[in-house]
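Residue-level structure breakdown
Chain residues, written in single-letter form:
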Amino acid sequence: MASWVLLPVTPVTGRCLVAPVRTQRSSSICVRSSLDTNVSDMSVNAPKGLFPPEPEHYRGPKLKVAIIGAGLAGMSTAVELLDQGHEVDIYESRPFIGGKVGSFVDKRGNHIEMGLHVFFGCYSNLFRLMKKVGADENLLVKDHTHTFVNKGGNIGELDFRFPIGAPIHGILAFLSTNQIKTYDKARNAVALALSPVVKALVDPDGALRDVRNLDSISFSDWFLSKGGTRMSIQRMWDPVAYALGFIDCDNISARCMLTIFTLFATKTEASLLRMLKGSPDVYLSGPIRKYIIDKGGRFHLRWGCREILYDQSADGETYVAGIAMSKATNKKIVKADAYVAACDVPGIKRLLPPQWREWDFFNNIYELVGVPVVTVQLRYDGWVTELQDLERSRQLKQALGLDNLLYTPDADFSCFADLALTSPEDYYIEGQGSLLQCVLTPGDPYMPLPNEEIIARVTKQVLALFPSSQGLEITWSSVVKIGQSLYREAPGKDPFRPDQKTPVKNFFLAGSYTKQDYIDSMEGATLSGRQASAYICDAGEELVGLRKKLAAQDSGEYTKAANTTDELSLV
Ligand SMILES: Cc1cc2nc3c(=O)[nH]c(=O)nc-3n(C[C@H](O)[C@H](O)[C@H](O)COP(=O)(O)OP(=O)(O)OC[C@H]3O[C@@H](n4cnc5c(N)ncnc54)[C@H](O)[C@@H]3O)c2cc1C
């Protein structure tokens, strides 16, 4: 489990109310905002790994599956398995579901998030899941532009709002951006023209392979070698790299960045950002939880898996015999046909039996390291990102400001948003102002600092970005620290990501860090769950065969194996 610390400071009273909040600018063209398949061009001429077809109807034996971890990967696995008629129990060590995209309500009614989450338009697997569980209406589309806030309140844009779609809109966005100077723009254009992005227009799978082959070098090395400039990296690409992987361009692999760029360049909607109407627990995890429960799935919160119990069958095959679970002082052994560890990177490292490291497959996981990240929420008594007008920023009758994800090269937080504007259902409070959520990357220097110090530093940097917020007071704040969040997508790390299918026949993995064609993200977590479920379904007959073999082995009577009951207790 990722270690996280949560300490709200200076509490505020008041209830969250629904408020009519409008975006400050409106798009010059009509951007397709629905998640309906008939308006999404995502699966057309797209890499197959990222956009897998619907699974075939499962006709094999019903399996009992125990999933460890109720993050998006675990829940995505559960939804897929339940849809195929299997029986699913999910065990989560925390008191709430959602993992890194989880949230909960503190004693005073504040929604505390594990981190700021935005949804790119290319999140086909996540959107498919949200549609399935009835959460597709829970996203608010933002203007199709990526906004950079520079010191002193200067706004730069990577503006994709053109009447012509991909790839023209992307080319125009990069040529017209005011975030970098003309010289840097020209060099930027050369670098991107020499990237696999161009190939992706005609051969998406080939381009993705090329991108994957660039995993061993950093984005900076790749970009500079293609003619890009240091200034572009500093002013534009570093904030994007920090937002994507919580590390800068010198440290992030070219594969990670180019995976996204390829999609941005070839798919009109890929760069379109959406955010939840309100908190993840209400608008994302909540509907998924309901779907799982309605389909007969069971959640077991605060039940942490302490140990994977394994053995060898008579023919020398290693298999999982059960998982040792504990909830406070309660302990139990859970048995199932298939076990899925849908943990984060530190969680899976703790869980794997040390002897399994003899397999390169499992040992490789220890090459992956989580990146620390700190998320700060600041509630103000006015509108911080209302840049033009001091008077309007101090009134509390109407919510005003920048309603989008905001990047910055000029603060220790690389990306942030005013949740009172972007996700008003849970975050706009009548009579109160902005609720900034700032993601501090790299989080390392902030991890040891006391919350008061973190808040003081972030507040100062917010003021430097928005001088017009001078004089606004912070009425409430919170700090969430995650010691190991995303795996560090550094050069050379991709080959160490494990497949969802493991050398142990009845043991599977899921999680955004596992092998899938997207980056460590909500989309990657969802995709990993689909892949884990597909492997389990493929192995259906074999898993039941293993169950029967073990039952026969236990009774010492192989001849009776055919009569073995299909039922196994999951506790
Ligand atoms: C600050 C922040 C901002 C982010 N922003 C974005 C964004 O804007 N867009 C985006 O796409 N992605 C974003 N991400 C990434 C995204 O949240 C993750 O990639 C994704 O949620 C990972 O899901 P997961 O299920 O693989 O892992 P997790 O969410 O980490 O879930 C793993 C679960 O397993 C549980 N667990 C671990 N060990 C055990 C055990 N032994 N027993 C029982 N339970 C266990 C954990 O408690 C946890 O709930 C962000 C992440 C952070 C931290």
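With an unreviewed UniProt entry as reference, the protein is termed Zeta-carotene desaturase, source organism Prunus avium. Entered under Sequence similarities (unreviewed entry) in the UniProt record, the comment concerning the protein runs "Belongs to the zeta carotene desaturase family." According to its UniProt record, the protein has this under Pathway (unreviewed entry): "Carotenoid biosynthesis; lycopene biosynthesis."

Further remarks concern the packing of aromatic side chains. When we look at a pair of aromatic rings, we describe it by the centre distance and by the angle of the planes. The final tally for this structure, using the stated rule, is 24 aromatic pairs. Through a chain of ring-to-ring contacts, three or more aromatic side chains come together here, namely F120, Y123, F127, F160, F264 and Y518. When the ring centre of W303 is taken as origin, the NZ or CZ atom of K332, which lies over that ring, is 4.2 Å away. A cation sits over an aromatic face here: R457 above Y446, 5.7 Å from the ring centre.

Read across the sheet, three strands follow the order β6-β10-β7 without closing on themselves; strand pairing throughout is antiparallel. Every other strand in the sheet has two partners, leaving β6 (119-120) and β7 (139-141) as the edge strands with one partner each. Relative to strand β10 (residues 273-276), β6 runs antiparallel, the two being bridged by two bridges. Paired with F120 across the strands is L273, a residue of β10.

Taken together, 39 residues are adjacent to the ligand, and E92, K100, H117, V118 and Y123 come closest. Within the backbone of K100, an N or O atom sits 2.7 Å from an oxygen atom of the ligand. One nitrogen or oxygen atom from the main chain of L116 is found 2.8 Å from a nitrogen atom belonging to the ligand. Expressed as a share of its isolated accessible area of 1000 Å², the protein-covered part of the ligand is 96%.

In this structure, E92 sits in strand β3 (residues 87-92). Among buried Asp, Glu, Lys and Arg side chains, E92 stands out as unpaired, with R94 the closest opposite charge at 4.8 Å. Here R94 takes part through its backbone nitrogen, which lies 2.9 Å from a polar atom of the side chain of E92. With near-sequence residues (within four places) excluded, E92 lies in contact with G69, A70, G71, H300, L301, R302 and W303.

Let us look at unusual backbone geometry. The omega angle of the peptide bond from A166 to P167 is 0°, so this bond is cis rather than trans. One can find P167 in the loop between β9 (154-159) and α3 (168-176). With an omega of -5°, the peptide bond between T441 and P442 qualifies as cis. Structurally, the position occupied by P442 is in the loop between β19 (435-440) and α16 (451-465).

A separate point is a nonpolar patch on the surface. A cluster of nonpolar side chains, namely I164, I168, I171, L172 and L175, defines an oily patch on the protein surface of about 410 Å² accessible area. What makes I171 partly exposed here is its relative accessible area of 45%.

Before going further, it helps to examine helix α8 (residues 230-245). Between the first and last C-alpha of α8 there are merely 19 Å, a value that for 16 residues lags more than 12% behind the 22 Å anticipated at 1.5 Å per step. When the local axis directions of α8 are compared, the greatest deviation, roughly 50°, occurs at W237, which is followed within four positions by the proline P239. Of the positions making up α8, those classed as buried are S232, I233, M236, W237, D238, P239, V240, A241, Y242, L244 and G245. Of the residues trailing α8, F246 is marked for its positive phi of about 65°.

Position of G304 relative to the elements: it lies in strand β12 (residues 304-312). Residue G304 is classed as buried on the basis of its relative accessible area, which comes to 13%. Taking C-alpha positions, G304 is 9.1 Å from A328, a pair spaced 24 residues apart along the chain. Dropping the residues within four chain positions of it, G304 is found in contact with S93, A324, M325 and S326.

With that settled, the discussion passes to the packing of helix α6 (residues 204-213) against helix α9 (residues 254-266). Look at α6 against α9: their axes get within 8 Å of each other, and the N-to-C directions meet at 160°. With respect to their mutual orientation, α6 and α9 come out roughly antiparallel. Between α6 and α9 lies a crossing of right-handed hand. Contacts between α6 and α9 involve L208, V211 and R212 from the former and R255, L258, T259 and T262 from the latter. Of the residues belonging to the contact of α6 with α9, the class tally is three nonpolar, two polar and two charged.

With parallel pairing, five strands are arranged side by side in an open sheet as β11-β3-β2-β15-β21. Two strands bound the open sheet, and with one partner strand each, they are β11 (298-301) and β21 (507-509). Along the sheet, successive strands turn relative to each other by an average axial angle of 20°, direction set aside. Alignment of strand β15 (residues 338-341) against β21, held across three bridges, turns out to be parallel. Bridged to A341 within β21 is L509. Strands in contact with helix α17 (residues 522-538) are β2 (64-68), β15 and β21; relative to β21, the strand with the most contacts, it is inclined by about 160°.

Another aspect to go through is the nonpolar core. Core analysis: the largest hydrophobic core is formed by 115 residues, its most contacted members being F119, F219, W237 and M257. Among the elements that take part in this core, α9 stands out by supplying nine residues, more than any other. Leave out the neighbours within four places in its chain, and M257 touches F219, W237, V240, A241, L244, C249 and I252. By size, the runner-up hydrophobic cluster in this structure holds 28 residues, among which are W303, A341, V345 and L352.

Tallied over the entire structure, the rule returns 32 salt bridges. Between D517 and R212 there is a salt bridge, with its nearest N and O atoms 2.5 Å apart. Taken together, the residues D517 in the loop between β21 and α17 and R212 in helix α6 connect sequence positions 305 residues apart. Residues joined by salt bridges that share partners form a network here, namely R212, D215, R255, E489, D494, R497 and D517.

We now examine helix α10 (residues 280-294). With 15 residues, α10 should reach 21 Å at 1.5 Å per residue; the first-to-last C-alpha distance of 20 Å fits that figure. G286 marks where α10 bends most, by close to 40°; the proline P287 follows one to four residues later. Regarding α10, the residues found buried are P280, Y283, L284, S285, G286, P287, I288, Y291 and I292.

Definitions and limits used
Residues numbered from 1 in each chain as written. Predicted model: local features only at pLDDT ≥ 70, side-chain atom pairs only at ≥ 80, totals over all residues. Heavy atoms only, no water. UniProt positions renumbered as here; feature names shortened; annotations may be inferred. Phe/Tyr/Trp six-rings, centres within 6.5 Å; stacked < 30°, edge-to-face > 60°. Lys NZ or Arg CZ within 6 Å of the ring centre and 35° of its normal. Pairing = 2+ DSSP bridges. Helix = DSSP H or I, 4+ residues; strand = E, 2+ residues; numbered from the N terminus. Near = heavy atom within 4 Å. Polar contact = N/O pair within 3.5 Å; in protein donor to acceptor, adjacent residues only side chain to side chain. Areas by Shrake-Rupley, 256 points an atom, 1.4 Å probe, with all protein chains shown as cover. Buried < 20%, exposed > 50% of the residue type's maximum accessible area, 1.4 Å probe, protein only. Lys, Arg positive; Asp, Glu negative; His and termini not counted. Salt bridge = Lys/Arg side-chain N within 4 Å of Asp/Glu carboxyl O. Contact = heavy atoms within 4.5 Å. Patch = residues over 30% accessible without salt bridge, like charges linked within 9 Å, V, L, I, M, F, W, Y side chains within 5 Å. Expected span 1.5 Å × (residues − 1). Bend = angle between axes of the 7 residues up to and from the residue. Axes fitted to C-alpha atoms, helices over the stretch in contact; angles between N-to-C directions. Parallel < 35°, antiparallel > 145°, perpendicular 65-115°, else oblique. Left-handed = near helix turned anticlockwise from the far one by under 90°. Nonpolar A, V, L, I, M, F, W, Y, C, P; charged D, E, K, R; others polar. Core = buried A, V, L, I, M, F, W, Y, C linked by side-chain atoms within 4.5 Å.

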